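Here are the chains, one letter per residue:
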Amino acid sequence: MSLKITINGEQRQVAASTVLDLLEELRLQPKRMVVEQNGVIVQRDAFGDTRLSEGDVLELVRLVGGG
């Protein structure tokens, strides 16, 4: 089963069923990500419980530290 979702303005087919699954599928580190799903920020501790649905619009932002 796959879902068609939009990630950062690009439509994609993904196999993931949760935000955490999506980050793992994209090989992104959850601790370094901010995720907005359909205009709402997803709390990091809820990534594994937040289900994805057909047509979802996600914005993924990677946090970068520096000095």
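Preceding block: the structure.
Below, the structure is looked at part by part. These numbers come from a predicted model, not from an experiment. (Residues numbered from 1 in each chain as written. Predicted model: local features only at pLDDT ≥ 70, side-chain atom pairs only at ≥ 80, totals over all residues. Heavy atoms only, no water.)

Section: the nonpolar core
Condition: As used here, the term nonpolar core means buried Ala, Val, Leu, Ile, Met, Phe, Trp, Tyr and Cys residues forming a set that is joined through side-chain atoms within 4.5 Å. Note on exposure labels: buried denotes an accessible area under 20% of the residue type's maximum, exposed denotes more than 50%, and partly exposed covers the range between, all computed with a 1.4 Å probe on protein chains only. Starting at the N terminus, helices and strands are each numbered in turn, a helix being any DSSP run of H or I of at least four residues and a strand any DSSP run of E of at least two. Contacts are residue-level and defined by heavy atoms, with any inter-residue pair within 4.5 Å sufficient.
Counting 16 residues, the largest nonpolar core has Ile5, Leu22, Leu23, Val35, Leu52 and Leu60 as the members making the most contacts within it. Put simply, the parts of the chain that give this core at least two residues each are β1 (3-7), α1 (19-25), β3 (33-37) and β5 (57-62). Setting aside chain neighbours within four positions, we find valine 35 in contact with Val19, Leu23, Val40, Ile41, Val42, Phe47, Leu58, Glu59 and Leu60.

Details of the pairing of strand β2 (residues 10-14)
Keep this limit in mind: Criterion used throughout: strands pair if DSSP finds at least two bridges between them.
Where β1 meets β2, five bridges bridge the pair, whose relative direction is antiparallel. The residue of β2 that forms the bridge with leucine 3 is valine 14. The turn joining β1 and β2, which pair antiparallel and follow one another in sequence, is formed by two residues; a positive phi near 50° is taken by asparagine 8.

With respect to the sheet that holds β5
Backbone-to-backbone hydrogen bonds pair the strands of a sheet. The strands run either parallel or antiparallel. Where we set the bar: Angles run from 0 to 180 degrees between N-to-C directions of axes, and those axes are lines fitted to C-alpha atoms, restricted for helices to the stretch in contact.
As summarised here, the arrangement of the five strands in space is β2-β1-β5-β3-β4, forming an open sheet in which the pairing is mixed. With one partner strand each, in any of the chains shown, β2 and β4 (40-42) form the two edges of the open sheet. On average, each strand axis in the sheet is inclined to that of its neighbour by 35°, with strand direction left out of account. Relative to β5, β1 runs parallel, the two being bridged by two bridges. Note that in β5 the partner of threonine 6 across the bridge is valine 57.

Regarding unusual backbone geometry
Most of the time, phi is negative for any residue but glycine, and the peptide bond is trans. Notably, asparagine 8 is not glycine yet its phi reads approximately 50°, a positive angle. Relative to the helices and strands, asparagine 8 is located in the loop between β1 and β2. Judged by its relative accessible area of 41%, asparagine 8 falls in the partly exposed class. Even without glycine at this site, asparagine 38 takes up a positive phi of about 50°. Structurally, asparagine 38 is set in the loop between β3 and β4.

Description of the side chain of threonine 18
We apply this condition: Each polar contact in these results corresponds to two N or O atoms within 3.5 Å; when the atoms are within protein, one needs to be able to donate a hydrogen and the other to accept it, and residues that are neighboring in sequence are counted only if both atoms are side-chain atoms.
Along the chain, the position of threonine 18 falls in the loop between β2 and α1. Here threonine 18 falls in the buried class, since its relative accessible area comes to 6%. At 3.0 Å, the side chain of threonine 18 and the backbone nitrogen of aspartate 21 are in polar contact. The residues touching threonine 18, leaving out its near neighbours within four places in the chain, are Phe47, Gly48, Thr50, Arg51 and Leu52.

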